[in-house]
Amino acid sequence: MHELHHFPPPAVLNMTAQEVTQDRLENQPAGDRFKRAGLLLAVIFAVGFVTVVMKIAGGFGSRSEWGYHAAAFAYLLLTAQSAVLVSVALRMVKAHWRRSLARVSEMFAMVGLFNFLVFIPLLWVLPSTENRLSLWFDLPGNSPHIWDTLTMAILVLCGLGLLYFASIPDLATIRDHSEGKKMIRYRRLAMGWEGTPKQWKSLHAGLGVLGGFYFMMLIYAHAMISVDFSMSLVPGWKDAIFPTYHALSGLQAGLATLIVTLFILRRFGGLNTYIEVDQFWALSKILLATCLLWFYFWWAGFFTYWYGRTPAEQGVLQYIMFETYRIPFFSAFVLCFPMPFLILMWNIMRKTDWGPTLAASFVLLGAMFNVVRMYVPAFAIEDPTSHALKVMPVANWPSISDILGFAGVIAGAILVYMLSSRVFPLISLWEVKEGMLLQRIRTFLKTEIRVMGKPE
Amino acid sequence: MQERVKLTDAEINRDLLRSTVESPRGYWIIIGALAFVVLCGVVSAGFMFNRGLGLTGLNRPVMWGFFITNFVFWIGISHAGVMLSAILRLTQAEWRRPATRAAEILTLFSLMTAMLMPLIHAGRPWRVFYWVFPYDWARGIFPNIRTPLVWDPAAVFTYLTSTILFVYIALIPDIAVLRDRTTGVRHAIYSVLSLGWRGTSRQWRLQLIAGILLSAIILPIFVSVHSIVSWDFGMAIAVEAWHSTIFAPYFVIGAVHSGVSGVVTVMILLRYMFRWENYIRLEHLDALAKLLIVVATTWLFFFMLEFVFGLYAREAPELALRELQTSQMPWAGLAITFLITAYLFPVPMWMFRNVRRSVKWMLITTISVNIGMWLERFLIIVPSLARKQGFTFTWGTYAPSPIEIIIVTASFCMVLMLVLLFAKAFPLIPIADAKEAMILADHIQIGKKKVPAVMREE
């Protein structure tokens, strides 16, 4: 046993449950700064929306014009939709420190709904599976259109169900502390929650089932989308690890998204009582592990191709890594592995709120370059029916409208998240209070330590 | 819910050192039986070295069979050990305590057994020198370092060295306890091995730091070892089904699946043999079974990706292989058995709390996993080679000879025998860890209920 006590006891342990409720209900995000940021994002979103509408008006004849839109969709799948998984996974392993970040993570499910809208136009540019490689073998040519849409729809519904289900006790708390129209609205949302033992039991069971289902659906969605919208469009690209690599990139980027969001909420959202360095420290260790795994999965795929050196493999490596799209590839590589690794390998950096945030920011930027080098080249190939890349297509660099469209999608996602925070409390009150019940500060020899209850 | 029993230091010493001072009923009979099978294996191997590999079922084009399957299997088992121990140490999972030593020991002995397999497979073990070491300096003849077959020994030796260090560092405090309770030759040996351990604060601190550092260092080594083993296959473009990008993580997760199952099997045997019910408790089996559900499902996902992407390109040799694996006997029967025993039987069983907390069912399901995982390796290696050639008239098949069956059986007996013999010399549950668990155990009162609690380690 060594240095039992690294951090001061959580500030929330000095509060009563009543004080926590009062604090969070009286300090909902609002204010000028919130509104100004919202307005700016709305403008960027509107401009991006116009560019997408113009693209739709121009028709779906050229797939390469939709490459950056596909990348923007994949970016939100990698970041926001994967961020929900952090809460699910931590709840599964019963990590106490998750409590104050659970809702922050789950609220990204609302962004999933927005991303579904971003996804829809891509269905028109995805070619049928006639004469080209596909996961769907001899099933009808439009199988990817049907099954990928269903996958995304179920993922979104599952995420929303998870967010809503996990929020019910807090919605009931708001109902009990409000009046008038607000009370009526929250009464409907709380669905008669009274906090009976039976209701609590159902809540815990439901969260377990929905969480597990979201987990599986997200991995499945990563696998389907990565193959149907990226790999199968590039002749000669037969890479069994790619769906897993894509899903793992999602876990890494989802974690990074959550860390950056927590930093903003801690520094500018007045949540520093609940989101402490303890959370950053714990999350940073997982981020470090995902960075190492990211490298391992990339390396396993790359190395097998590089060593194999068949003409098809060489063509793919040249196209998406070392020649045509080498700039986004090397940017993604450096930002997703060496940069965060060099920061997070130091405990002294992990034990701050800015160290993990800096590393997470690099990861988010790297994830953006990564989706660009995976999706834009795939959409740039007009005829995906041959068995290997015979002629190397030229690089498709972004136009102004591509950049505005990409920025609009990101701004829209942030705006949706901000607006959702007006409906759901950003801190999961019931989980924080449950954590307060299960923790004690006790004296051990000459120091104070935290004692954690393990009821399950 | 933690179901711990409050024990004094004296009780812990007595219970956990029991294996070193008492022999349970039937212990030496079991050791004798295992030793007999091992002896049969040694004699068979000697006979094979004398007469040649013609005594095995190996023939063109299937030149890798039971021995290489067994090599991959034992390398896989060796992964659990250190993975389980190192990851659980780093994450400070409270339930790790009784599992770590058994896991590390299983790693050590399975790794040693695995290393024997390529030597036996070579038919002339001394020829391995030509394979690994430069053997003709004068003419500058060196092994081809660009082949994964040469990376293998480097990786496995590194892993073995670090595993020995890992086990030894964790053992030092327990060896000191043994030193203080023995006399004569044993005392002298334990005195040397305990490196002057007195249990001072500084020594504890250094031991803890060494443990954490070794845990962090050994994790990349363990990943690299099985990745390199997988590349023995994955880098071969001539065998269609092997050249898959997912092979490295697929092998690693498969190794974790079979290895953790192996650790559970060993823990159950030790619990029964040395009456360690207060230490290896049902909650530990429950936690390990939950971990196994996650690991097994990830493994199944990778397996499905490997299989589906085999079909993805719709190339004739690959389709011929998949057809052989799924619709021709005996391969189809073996494939069904493999899937049922490795996943379809154990994992649904582990969904039930009663199974996770049943010693009997956990023993059955974890043994089932390892039957399945052995078959998995066999089905990766042999059918692929049988369909390696483009021309159908050069296709072949393989059936193991009695010699191969005896040697492989002996390898299982050898690992079990070594684990049991180790238990006579050293405690298989870390004494210091068990005592620390007692110190960290606490409870908190919530209303009328007393909830088990643990002091947070950081």
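Residues numbered from 1 in each chain as written. Chains lettered and ligands numbered in written order. Predicted model: local features only at pLDDT ≥ 70, side-chain atom pairs only at ≥ 80, totals over all residues.

### Considerations on the overall build of chain B
Then comes step 1: Summing up its helical and strand segments, chain B has 17 helices and two strands in all.
Then comes step 2: Taken against the 2.2 N^0.38 rule, which gives 23 Å for 458 residues, the C-alpha radius of gyration of chain B at 23 Å falls within 12% of a compact globule.
Then comes step 3: Overall, the C-alpha framework of chain B stretches about 75 × 60 × 40 Å when taken along its three principal axes.
Then comes step 4: Taken across its 458 residues, chain B has 43% of its residues classed as buried. (Helix = DSSP H or I, 4+ residues; strand = E, 2+ residues; numbered from the N terminus. Rg over C-alpha atoms; globule rule 2.2 N^0.38 Å. Buried ≥ 20, exposed ≤ 12 C-beta atoms within 10 Å, placed from the backbone.)

### So, the overall build of chain A
Then comes step 1: A tally of regular secondary structure across chain A gives 19 helices and two strands.
Then comes step 2: Here chain A has a C-alpha radius of gyration of 23 Å; the compact-globule value for 456 residues is 23 Å, and the two agree.
Then comes step 3: Each of the three principal axes of chain A carries a C-alpha extent, and together these read 70 × 55 × 40 Å.
Then comes step 4: In chain A, which comprises 456 residues, the proportion classed as buried is 50%.
Then comes step 5: Across chain A, contacts joining residues at least 24 apart in sequence account for 83% of those joining residues at least 6 apart. (Contact = placed C-beta atoms within 7 Å.)

### Here's the deal with the confidence of the model for chain A
Then comes step 1: For chain A, the mean per-residue pLDDT works out to 88, and 97% of the residues sit at or above 70.
Then comes step 2: Counting interchain partners and residues more than four positions distant, the pLDDT-below-50 stretch residues 1–5 of chain A has 14 contacts. (pLDDT = per-residue confidence, 0-100.)

### Structural notes on the interface of chain A and chain B
Then comes step 1: With 33 residues of chain A at the interface, the matching set in chain B holds 34 residues.
Then comes step 2: A per-element tally of the side of chain A that touches chain B places helix 12 (residues 277–308) of chain A first, with eight residues.
Then comes step 3: By residue class, the composition of the side of chain A that touches chain B is 18 nonpolar, eight polar and seven charged.
Then comes step 4: Relative to strand 2 (residues 449–455) of chain B, strand 2 (residues 447–453) of chain A is paired through three bridges, and the arrangement is antiparallel. If you follow Gly-453 of chain A over to strand 2 of chain B, its bridge partner there is Ala-453 of chain B. (Nonpolar A, V, L, I, M, F, W, Y, C, P; charged D, E, K, R; others polar. Pairing = 2+ DSSP bridges.)

### Comments concerning the pairing of strand 2 of chain A
Residues and elements named next belong to chain A.
Then comes step 1: Pairing between strand 1 (residues 439–444) and strand 2: six bridges, direction antiparallel. When the bridges of strand 2 are listed, Phe-444 appears paired with Thr-447.
Then comes step 2: Turn length for the strand 1-strand 2 hairpin, with the two strands adjacent in sequence and antiparallel, is two residues, and the turn residue Leu-445 shows positive phi of about 50°.

### Things to note about the confidence of the model for chain B
Residue and element names in this part refer to chain B.
Then comes step 1: When pLDDT is averaged across chain B, the result is 85; 97% of the residues are at 70 or more.
Then comes step 2: The lowest-confidence element of chain B is helix 5 (residues 128–132), averaging 72 in pLDDT; the highest-confidence one is helix 13 (residues 346–350), averaging 93.
Then comes step 3: Scoring the predicted complex yields pTM 0.90 and, for the interface, ipTM 0.87.

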